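So the chains spell out like this:
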Amino acid sequence: MSQRAFHRPVPFADLDSVGAVDDPVARSETSHATAALLLGDSEGNRDEAATRRFVELADDIGIEVIAEMWSAAPAVSAPGALWRLYALRQWIKSAPRELAEMFSDGQRRITEGIGYDEILAGVELPAGPDEVAHAIDEILVGAFRGDIVIALLRASAFVGICAAGTDDHDTAVRLRQLSQDLSDAAVAHRRGGLD
């Protein structure tokens, strides 16, 4: 007699009630469920339209809603990592020229030639505003197609190069921390997944 194999139910996120959740445990569970829903499976089984909708999610529902869902999550968690990717995308969209200059300056300061981080970041050179905006969208596309480790490492490399390209100490410190958070999340996912 064969036994039926039961599968865990796919988490379904109620995005309309996220703001109404006062219980920290329930908020955390909702945060993780919505992140898992967006990341999908490691096979990248998602159509192009769904991937594009997820990349542009902040444009559709607002970065504030995403912040409310995920910004309190630990950096090394699925919602924490996604929050950092969306916040990075929002920053690039709001100041593409500044980020392009920071990236270019960092690129020059780090190495005379093409370095590993520069290749990993995947920004077309020379890096102008359009190129950095395109790069972050492609990073998110990778995350939503099952390549979350590569997406996080690419984002980490991009941010690390930008950190080297700013003369503002506080900005450099924050960017280095963000780069480390993204890298740590990638390592955690590679070792068994993000919680």
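What this report covers is the structure whose coordinates are included nearby.

Each value, and the rule that gives it
Numbers given for residues are sequential positions, taken from 1 along each chain in its written order. Only residues with pLDDT of at least 70 are given local features in this predicted model, and only at 80 or more are side-chain atom pairs given and counted; all residues enter the totals for whole chains, interfaces and linings. Note that the side-chain values use all heavy atoms of the structure and ignore hydrogens as well as water. In this description a helix means any DSSP run of H or I spanning at least four residues, a strand means any run of E spanning at least two, and both kinds are numbered starting from the N terminus. Relative accessibility thresholds used throughout: buried, under 20% of the residue-type maximum; exposed, over 50%; partly exposed, between the two (1.4 Å probe, protein chains only). What sets the accessible areas is the Shrake-Rupley method with a 1.4 Å probe; for residues, cover comes only from the shown protein chains. Throughout, nonpolar core names a set of buried Ala, Val, Leu, Ile, Met, Phe, Trp, Tyr and Cys residues whose side chains join them through atoms within 4.5 Å. Note on definitions: a residue-residue contact is assigned when non-hydrogen atoms from the two residues lie within 4.5 Å. Here a polar contact is taken to be a pair of N or O atoms separated by no more than 3.5 Å, where protein atoms must pair a possible hydrogen donor with a possible acceptor and residues adjacent in sequence count only if both atoms sit in side chains. Lines fitted to C-alpha atoms define the axes, with helix axes restricted to the stretch in contact, and inter-axis angles between N-to-C directions lie between 0 and 180 degrees. For classification purposes, an angle smaller than 35 degrees is called roughly parallel, one larger than 145 roughly antiparallel, one from 65 to 115 roughly perpendicular, and anything else oblique. Residues are grouped as follows: Ala, Val, Leu, Ile, Met, Phe, Trp, Tyr, Cys and Pro are nonpolar; Asp, Glu, Lys and Arg are charged; every other residue, Gly included, is polar. The rule is short: rings of Phe, Tyr and Trp, with Trp giving its six-membered ring, pair when the centres are within 6.5 Å, and they are stacked under 30 degrees, edge-to-face over 60, tilted in between. One less than the residue count of a helix, multiplied by 1.5 Å, gives the span that helix is expected to have.

A few points about the overall build of the protein chain
- Along its length, the protein chain carries 10 helices and 0 strands.
- Across the 195 residues that make up the protein chain, the buried fraction comes to 46%.
- When the accessible surface of the protein chain is totalled, it reaches about 10900 Å², and 51% of it is carbon and sulfur.

Side note on the nonpolar core
- In this structure, Ile 66, Leu 85, Tyr 86, Leu 152 and Phe 158 are the most contacted members of the largest nonpolar core, which totals 49 residues.
- Mapped by element, the contributors of at least two residues to this core are α2 (48-55), α3 (57-61), α4 (63-70), α5 (78-94), α6 (96-110), α8 (129-144), α9 (148-164) and α10 (169-190).
- Those residues in contact with Ile 66, other than ones at most four positions away along the chain, are Leu 57, Ala 58, Ile 61, Ser 71, Trp 83 and Tyr 86.

So, the side chain of Thr 166
- Here Thr 166 lies in the loop between α9 and α10.
- On the accessibility criterion, Thr 166 (15% relative accessible area) is buried.
- At a separation of 3.2 Å, a polar atom in the side chain of Thr 166 contacts the main-chain amide nitrogen of Asp 168.

Description of the packing of α5 against α6
- One way to put it is that α5 packs onto α6 with a least axis distance of 5 Å and a crossing angle of 105°. The angle between α5 and α6 falls in the class roughly perpendicular. Packed against α5, whose contacting residues are Trp 91, Ile 92, Lys 93 and Ser 94, the element α6 presents Pro 96, Glu 98, Leu 99 and Met 102 at the interface.
- For the contact of α5 with α6, a count of residues per class yields 5 nonpolar, 1 polar and 2 charged.

Here we look at the packing of aromatic side chains
- The tally for this structure, following the rule as stated, stands at 2 aromatic pairs.
- Between Phe 103 and Phe 158 the ring centres are 5.3 Å apart and the planes differ by 15°, which places this aromatic pair in the stacked class. Taken as a pair, Phe 103 in helix α6 and Phe 158 in helix α9 lie far apart in primary sequence, 55 residues in all. With respect to burial, Phe 103 and Phe 158 carry one shared label: buried.

Details of α8
- With 16 residues, α8 should cover 22 Å at 1.5 Å per step; its first-to-last C-alpha distance of 23 Å lies within 8% of that length.
- Residues Val 132, Ala 135, Ile 136, Asp 137, Ile 139, Leu 140, Val 141, Gly 142, Ala 143 and Phe 144 constitute the buried set of α8.

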